[in-house]
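# Analysis of the macromolecular model
Residues per chain, in single letters:
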Amino acid sequence: MGQLPHTAVRPVRAAHTAIRSGRPEARRPFVERVACWSAKYRKTAVGLWLAFMATAFIGGQFVTSAGVQQYDPGQAGRGEQILTQLGVVTPPTESVLIQAKAGERQLASDTARQVRRAAHDVVAALEELPQAAANIRSPFGRGGAALRAQDGTADLVTFTVAGPNADADATVLADMAAVHRIQAANPDLLVREAGDATTDIAANALLSHDYRQSEWTSIPLTLILLVAVFGALIAAGIPVLLAGTAVVTAVSLLSIAAQWLPVGSGTSELVLVIGMAVGVDYSLFYLRREREERAAGHDSDTVTRIAAATSGRAILVSGVTVMISLAGLFLTGIDIFTGIATGTIMVVGVAVIGSLTFLPALLSWLGPWADRGKLPHLGHRRTQARPCRTWAGLAGRVVRRPALYGGIAAAALLALSAPALGMRLGSPSLDLPSNLGVVQVLDDIQHEFPGKPAPADVVVTGQNLSSPAMATELAALRSDASPTGPVRGPVTTSVVAGGKALVVEVPLAGSGSGKVSDDALLALQNRVLPATIGRVPGASFAVTGNTAANYDFASTLDSRTPLVFGVVALLAFILLLCAFRSITIPLVSIGLNLLSVGAAYGLVTLIFQDGHLESLLGFTSFGALVPWVPLFTFTLLFGLSMDYHVFILSRVREHWAGGATAREAIVTGIGRTAGVVSSAALIMVAVFSIFATLQMIDVKMLGVGLAAAVLIDATLVRGVVLPACLALLGERAWYMPRWLAWLPGRRLLAEGAQPVSPAPAPAEVSAPAAVTAAVAS
């Protein structure tokens with residue numbers, strides 16, 4: 001073989017030496033040493049893993065407190081935090097709608113009498129429950145005309161849930177029972193309750209149902225697909241065991257972390273599905289290489305060393321990349337992302353640890369038993385580690401005409417990404433399915449009794465709250481209110497927490513969302529309040545409320561998203577630069593990942609924003625995407641795409657380092673990895689698709705986007721665009737400038753200790769002479 005250029009030096013001689021004699025234990029890389037230790041002391045390693053899981057589980061069970069509360073970003077969050085610290089809470093409000101059934105409204109006089117009688121009964125029943133209902137307002141009291149429909153066929157009774165706010169969900173059950181009794185006594189009417197507490201109960205029940213559904217669906221579905229992939233029952237159970245124990249451990253650790261970090265109730269769903277996906281992925285990668293080397297005739301120690309030195313290192317790099325990507329969510333400074341990032345990083349980290357310790361120990365313990373329980377007509381074929389001739393054949397055609405195939409695939413991905421250019425972000429008025437009973441009642445209340453949007457709440461703290469100067473400026477604030485200006489009337493002020501704070505309610509122009517309301521909010525924050533309350537010495541203010549919370553969330557997300565994108569891409573570039581000792585590969589990797597993310601964005605926009613497939617997926621479009629979904633999709637997909645990317649590229653580099661030409665290495669590497677990548681992608685798509693069957697629209701968006709992106713990434717991107725890019729680059733794909741030779745990670749992937757299996761290469765290429773000589777020696 002001729003002299004290679006200094007830009008792409010292959011460590012062939014080091015590989016030959018390593019194959020012949022092996023390396024001393026002390027000189028082996030850390031991952032290899034850990035795996036070899038776990039395999040040698042397999043009972044101890046398995047025991048330590050189970051003890052780790054049990055300790056985390058028991059620790060999680062002892063956590064009984066509610067944890068850290070989540071707040072909105074910006075001024076809205078500061079206002080919420082101040083009120084919470086002062087013990088100022090707004091009691092949940094409930095409404096009871098009494099109306100005639102749709103087919104009986106023609107008899108208006110009789111119906112009106114029935115409605116009034118039922119409304120009296122509702123008020124009387126609530127008054128008998130002073131421990132559960134307070135501040136009752138009805139059509140029969142002062143200002144009650146606003147609570148009666150003009151034709152008299154609908155009345156509204158409102159009240160606040162009495163008692164501590166923390167117990168509101170339990171307290172309101174007594175109110176609901178009273179309303180149900182009145183409904184039973186009036187079958188010709190509709191007597192229904194909805195409000196803050198009942199909506200919270202419905203949302204919690206829905207989240208619990210969705211979590212149980214994802215739990216009981218993902219594990220059996222994954223197991224069935226793994227049986228089809230491996231053709232053996234024991235081998236199929238190994239990835240499920242690793243992923244399941246990783247999820248249990250991570251969820252338990254998350255409940256402990258929630259005592260110091262803001263973790264939302266829906267985070268466990270994400271931890272479950274992502275933990276199952278990455279746990280199965282990593283197990284598949286490791287098992288594939290272990291089977292391949294065992295079939296090649298290596299002894300158990302050599303099998304463990306080779307699998308750890310190749311797939312084990314690829315798992316480590318992939319896992320670290322996923323965690324780096326998810327850590328980008330911390331840069332937003334938004335509590336909901338902090339909780340999501342914490343949970344998902346935990347489960348990925350635990351899965352990586354298990355893949356490098358528990359998995360080698362278990363495989364060493366089982367030995368050939370891992371392939372027991374073969375299925376008839378499927379087991380023998382599936383338990384053989386063979387290259388995938390279909391993917392190798394496709395790669396062979398792509399590398400012969402890379403510009404053509406790569407150009408067509410890239411154009412298709414860009415076309416799929418095009419709808420994302422019109423992406424709009426927004427939140428539904430209520431993030432619950434429209435077919436839910438409480439949502440339908442709230443819609444009927446809004447239809448019968450159209451209300452104004454909730455006012456902005458200005459929380460005023462500091463000094464001089466009761467001074468004449470404050471009274472003067474509050475009067476000036478009220479005088480700024482006008483029917484046509486950004487601030488509407490009436491402006492009301494309440495003294496709370498024993499005079500420690502003021503809450504000023506300021507109605508704003510607009511519907512509560514949209515440009516008119518946002519402009520009115522900015523006028524209040526930047527012009528009206530600084531010119532009034534802001535002039536009082538020692539006083540400070542923060543604007544909160546629904547309009548302020550939505551605006552602050554969106555503006556914070558807009559300002560931090562470029563930072564997250566840039567930092568995640570930069571850290572991934574550095575990691576891949578060290579891993580592959582190439583400056584070209586990280587650039588290609590980031591570009592391909594952005595193509596995958598763009599395609600996912602385009603599909604989600606087309607489906608959920610534009611309203612396609614509503615009946616099939618069971619949702620109602622509100623004309624936008626939930627703001628947190630695109631950013632989380634980017635960080636997760638950017639990391640998950642690296643799973644397949646690192647696995648394929650590490651194998652390509654291994655063959656290239658063994659003496660194959662650049663194109664031979666591409667075809668051989670893809671032929672030996674594309675099969676397991678396709679299997680892993682199929683399982684991950686199936687697991688993510690479970691999200692699409694759940695009822696929360698934001699989770700449904702996430703599931704569809706992730707499933708589609710993984711499918712596209714594992715097929716079109718890694719099967720066509722990646723080999724096309726590598727073929728066009730040739731030897732330059734592994735270019736590393738001399739001035740970067742000082743970077744760490746020289747032996748991180750496929751450098752020096754990667755024996756090349758003696759299994760035959762795919763039909764598209766012949767085994768390079770250097771590889772043949774290495775195996776023969």
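The structure displayed is predicted, hence computed values, not measured ones. (Residues numbered from 1 in each chain as written. Predicted model: local features only at pLDDT ≥ 70, side-chain atom pairs only at ≥ 80, totals over all residues. Heavy atoms only, no water.)

## Thoughts on the overall build of the protein
What counts here: Here a strand is any run of E in DSSP of at least two residues, a helix any run of H or I of at least four, and the numbering for each starts at the N terminus. Here, two residues are considered to be in contact whenever any of their heavy atoms come within 4.5 Å of each other. Per-residue and other accessible areas follow the Shrake-Rupley method at a 1.4 Å probe size, with only the shown protein chains counted as cover for residues.
Assigned secondary structure in the protein consists of 25 helices and 8 strands. Counting contacts in the protein only where the partners sit at least 6 residues apart, residues at least 24 apart contribute 80% of the total. As displayed, the protein has an accessible area near 32200 Å², and 61% of this comes from carbon and sulfur atoms.

## Notes on the nonpolar core
Rules: Each nonpolar core is a collection of buried residues, namely Ala, Val, Leu, Ile, Met, Phe, Trp, Tyr and Cys, held together in the definition by side-chain atoms within 4.5 Å. Only protein chains enter the calculation, and the probe is 1.4 Å; a residue is then buried if its accessible area is under 20% of its type maximum, exposed if over 50%, and partly exposed in between.
Grouped together as the largest cluster of nonpolar side chains are 179 residues, with contacts concentrated most on F608, F632 and F688. Ranked by residue count, the leading element in this core is helix α24 (residues 697–729), at 19 residues. Excluding its chain neighbours within four sequence positions, the residues that come into contact with F688 are V273, I274, A277, L640, G703, L706, A707 and V710. Counting residues in each nonpolar core, the second largest holds 26 residues, with M470, L474, V491 and A548 among its members.

## Side note on the sheet that holds strand β8 (residues 539–544)
Note the following rule: For two strands to be treated as a pair, DSSP must find no fewer than two bridges joining them. Axes here mean lines fitted to C-alpha atoms, for a helix over just the part in contact, with angles spanning 0 to 180 degrees between N-to-C directions.
The 4 strands are arranged β6-β7-β5-β8 in an open sheet whose pairing can be described as antiparallel. Looking at strand neighbours, the two that pair on one side only are β6 (492–496) and β8, the edges of this open sheet. Between one strand and the next, the sheet's axes are offset by a mean angle of 25°, whatever the strand orientation. Here strand β5 (residues 456–462) runs beside β8; their pairing, made up of 6 bridges, is antiparallel. Paired with V459 across the two strands is A542, which belongs to β8. Strand contacts of helix α4 (residues 74–85): β5, β7 (501–506) and β8, with the helix running at about 110° to β8, the strand carrying the most contacts. Docked against the sheet, helix α18 (residues 515–528) engages β5, β7 and β8, running at close to 170° with respect to β8.

## Notes on the pattern of salt bridges
Defined as follows: Salt bridge, as used here: a side-chain nitrogen of Lys or Arg that lies within 4 Å of a carboxyl oxygen of Asp or Glu.
Evaluation of the coordinates by the stated rule reveals 12 salt bridges. In this structure, the salt-bridge partner of D444 is R192, at a minimum N-O distance of 2.8 Å. Residue D444 is found in helix α16 (residues 437–448), and its partner R192 is found in strand β4 (residues 189–195); the two are separated by 252 residues along the sequence. In the salt-bridge network here, residues are joined through shared partners; they are R288, R289, E292, E293, R651, E654 and R672.

## Details of the pairing of β6
In this structure, β6 lies alongside β7, joined through 5 bridges in antiparallel fashion. Across the sheet, T492 pairs through a bridge with E505, a residue of β7. Following β6, the chain reverses through 4 residues before pairing antiparallel with β7; A497 in that reversal takes a positive phi of roughly 55°.

## Some words on the sheet that holds strand β1 (residues 93–100)
Strand order in this open sheet of 4 strands is β2-β3-β1-β4, and the pairing throughout is antiparallel. The strands lining the two open edges of the sheet, one partner per strand, are β2 (133–137) and β4. Averaged over all adjacent pairs, the angle separating strand axes in this sheet is 20°, with direction ignored. Set on the sheet, helix α6 (residues 168–185) makes contact with β1, β2, β3 (154–161) and β4; between it and β4 the angle comes to about 170°.

## Quick word on the packing of aromatic side chains
What counts here: Two rings from Phe, Tyr or Trp (for Trp, the six-membered ring) form a pair when their centres sit within 6.5 Å of each other. Planes less than 30 degrees apart are called stacked, planes more than 60 degrees apart edge-to-face, and all others tilted.
For the structure on display, the rule yields 10 aromatic pairs. With centroids separated by 5.6 Å and ring planes inclined at 20°, the aromatic side chains of W49 and F358 adopt a geometry described as stacked. Remark: F358 occurs in helix α12 (residues 358–366) and W49 occurs in helix α3 (residues 42–61); sequence separation between them is 309 residues. Residue W49 shares its accessibility class with F358, and that shared class is buried. Put simply, the rings of W49, F52 and F358 touch in pairs and so form one group of aromatic residues.

## Some details on unusual backbone geometry
Backbone geometry places A497, a non-glycine residue, at a positive phi of 55°. One non-glycine residue with positive phi stands out, namely L613, at about 65°. With respect to the secondary-structure elements, L613 resides in the loop between α20 (584–609) and α21 (614–617).

## Describing the environment of L430
Within the secondary structure, L430 is located in the loop between α15 (402–417) and α16. The sequence separation of L430 and T199 amounts to 231 residues, and the corresponding C-alpha distance is 9.3 Å. Once residues lying within four places of it in the same chain are set aside, the contact partners of L430 are T199, V439 and L442.

## Examining the packing of α4 against helix α19 (residues 546–580)
Note the following rule: Should an angle lie under 35 degrees it is considered roughly parallel, over 145 roughly antiparallel, and from 65 to 115 roughly perpendicular; all remaining angles are considered oblique. Side-chain classes follow a simple rule in which Ala, Val, Leu, Ile, Met, Phe, Trp, Tyr, Cys and Pro form the nonpolar group, Asp, Glu, Lys and Arg form the charged group, and the remainder, Gly included, forms the polar group.
At a minimum axis separation of 6 Å, α4 and α19 run at an interaxial angle of 130°. Considering the angle they form, α4 stands oblique to α19. In this structure, α4 contributes G74, Q75, A76 and E80 to the contact, and α19 contributes A548, A549 and D552. For the contact of α4 with α19, the per-class residue count stands at 3 nonpolar, 2 polar and 2 charged.

## Details of a nonpolar patch on the surface
For clarity, the cut-off: Patch criteria: residues need more than 30% relative accessible area and no salt bridge. Like-charged residues are merged within 9 Å; nonpolar side chains of Val, Leu, Ile, Met, Phe, Trp and Tyr are merged within 5 Å.
Nonpolar side chains collect at one region of the surface, where F57, I58, F62 and V248 lie side by side and expose about 410 Å² of accessible area between them. Mapped onto the elements of the fold, I58 is located in helix α3. For I58, a relative accessible area of 46% puts it in the partly exposed group.

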